[in-house]
Amino acid sequence: MYDTLDTTADLVRQENVARILDCAERLFRHYGYGKTNVADIARELGMSTANIYRFFASKVEIHQAVCGRMLATCYQLTYDACHSPGTASEKLRRYAQTHYQWTRDTMLDQEKVHEMVVVAIERDWHVIEKHIDRIRSLVAEVISDGIAAGEFADQDPEVASRCFGAAIITLCHPQMVAQCLAKENRAMPDDLIEFAIRALKK
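Residues numbered from 1 in each chain as written. Predicted model: local features only at pLDDT ≥ 70, side-chain atom pairs only at ≥ 80, totals over all residues. Heavy atoms only, no water.

> I'm lost on the overall build of the protein chain in this one. Help?
Scanning the protein chain from terminus to terminus reveals 10 helices and zero strands. For the protein chain, the succession of helices and strands along the chain, N to C, is α-α-α-α-α-α-α-α-α-α. Referenced to the eigenvectors of the C-alpha coordinate spread, the extents of the protein chain come out at roughly 60 × 50 × 25 Å. Per-residue burial for the protein chain yields a buried fraction of 41% across its 202 residues. The long-range share in the protein chain, meaning contacts at least 24 apart out of those at least 6 apart in sequence, stands at 69%. (Helix = DSSP H or I, 4+ residues; strand = E, 2+ residues; numbered from the N terminus. Buried < 20%, exposed > 50% of the residue type's maximum accessible area, 1.4 Å probe, protein only. Contact = heavy atoms within 4.5 Å.)

> What is the right way to read the layout of surface pockets from this model?
If a probe as big as a water molecule is rolled over the atoms, it shows which places are left empty. Put simply, the largest pocket is a space of about 490 Å³. Residue lining of the largest pocket: 24 residues in total, with His99, Ile132, Ile169, Cys172 and His173 positioned closest to the centre. With six residues, the top contributor of residues to the lining of the largest pocket is helix H7 (residues 126-148). Classifying every residue of the lining of the largest pocket gives 16 nonpolar, six polar and two charged. (1 Å grid on protein atoms, 1.4 Å probe; cavity = no way out; pocket = protein on both sides within 12 Å on 5 of 7 lines; lining within 4 Å. Points joined across faces, edges and corners; volume = space filled by probe spheres on them. Nonpolar A, V, L, I, M, F, W, Y, C, P; charged D, E, K, R; others polar.)

> What is the right way to read the nonpolar core from this model?
Buried together is how nonpolar side chains tend to be arranged in soluble globular proteins. In terms of nonpolar packing, the biggest core is built from 29 residues, with Ile20, Ile41, Leu45, Ile52, Ile62 and Val66 touching the most fellow members. Counting residues per element, the ones that place at least two in this core are helix H1 (2-31), helix H2 (38-45), helix H4 (59-82), helix H6 (111-122) and H7. Not counting the four nearest positions on each side in its chain, isoleucine 20 is found in contact with Ile41, Leu45, Met47, Ile52, Phe55, Phe56 and Ile62. Counting 26 residues, the second largest nonpolar core, distinct from the first, contains Ala96, Leu138, Ile168 and Cys172. (Core = buried A, V, L, I, M, F, W, Y, C linked by side-chain atoms within 4.5 Å.)

Here is the structure:
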């Protein structure tokens, strides 16, 4: 009986957390992170502010959770690209193009979303670092497969993954993507991706 009660309580908690995050993300997107506070979220949900604090200690914690959900979507897209059919080069190409497109669509086409992510990056939140580590592991796995297949030169896949990420950082970092889109004297995305892939080969 107690197990059933615990399970029900957990489900209710998860539902409330999801409702809070859905509402917070909607308000952040509409009004901006800086102009939205916990009281606004509570009011929109018909809850008391104290009730929100039962689930999240602060607005910052809510923001981190919202960013975590957004980055989880990015990770799933890039995971699918890295595990799609094809050679290691084709997978890396697909990965980089997917990440770039997601950054443009999600981070830049929606100014308020861009604001949320910039705040997270500037404050060096663990959710950002965790995402970067997971992406690096995905790329390292693809590079390792490419080495085993004789497609790439023999090298440390982890180091190669960091270098590959650094080479295409202007395609993945929201602030850099925004800056480069406005410049005509920057490398084109496809050219940059091909350059980074060639660097891995023999």
